[in-house]
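Single-letter residue listing:
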Amino acid sequence: MSFIVLVILVGGGAWIAHAKFHVSWGQVWGSIGAVAFLLVRWAFKQEHEEHQQVHERVRRLSTYNNEELKDHANNYSYSPQERSAARHELEERRKNGTGPF
């Protein structure tokens, strides 16, 4: 549904730009394509940065001992993602037999 609304808004904006401001259809389509390209590029950049943050968090938490992980998982001054990752690491260690029992 939101995609249809987006298409209608973009189409209406393109029609107004063409009719009122005498912008050629080639320029309209070129502008729409450029904006779409930049949005996709931005989205992939955001995903890459988030992936790097998760990788760094997992790498850092894997160096903690069990007591530090327990403290990290129960300390609410850390972000929910940090606490969740610490809980996940503790759970993995329990499964492997290397964690607190």
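First things first, this report covers the structure right here in the doc.

Cut-off values and rules
Residues numbered from 1 in each chain as written. Predicted model: local features only at pLDDT ≥ 70, side-chain atom pairs only at ≥ 80, totals over all residues. Heavy atoms only, no water. Helix = DSSP H or I, 4+ residues; strand = E, 2+ residues; numbered from the N terminus. Expected span 1.5 Å × (residues − 1). Buried < 20%, exposed > 50% of the residue type's maximum accessible area, 1.4 Å probe, protein only. Contact = heavy atoms within 4.5 Å. Phe/Tyr/Trp six-rings, centres within 6.5 Å; stacked < 30°, edge-to-face > 60°. Core = buried A, V, L, I, M, F, W, Y, C linked by side-chain atoms within 4.5 Å.

**Considerations on helix α2 (residues 25-61)**
Taking 1.5 Å of rise per residue, 37 residues should cover 54 Å, and α2 covers 54 Å from first to last C-alpha, within 8% of that figure. Every buried residue belonging to α2 is among V28, R57 and L61, and all of these are buried. Against the buried residues of α2 lie α1 (2-21), α3 (66-74) and α4 (80-96).

**Describing the packing of aromatic side chains**
A complete count under the given rule lists one aromatic pair for this structure. On the numbers, 5.8 Å between centres and 50 degrees between planes, the contact of W15 with W25 is tilted. Taken together, the residues W15 in helix α1 and W25 in helix α2 connect sequence positions ten residues apart.

**What to know about the nonpolar core**
One finds L61, L69, A73, A85, A86 and L90 forming the largest nonpolar core, which totals six residues. Only α3 and α4 provide two or more residues apiece to this core. With three residues, the single largest contributor to this core is α4.

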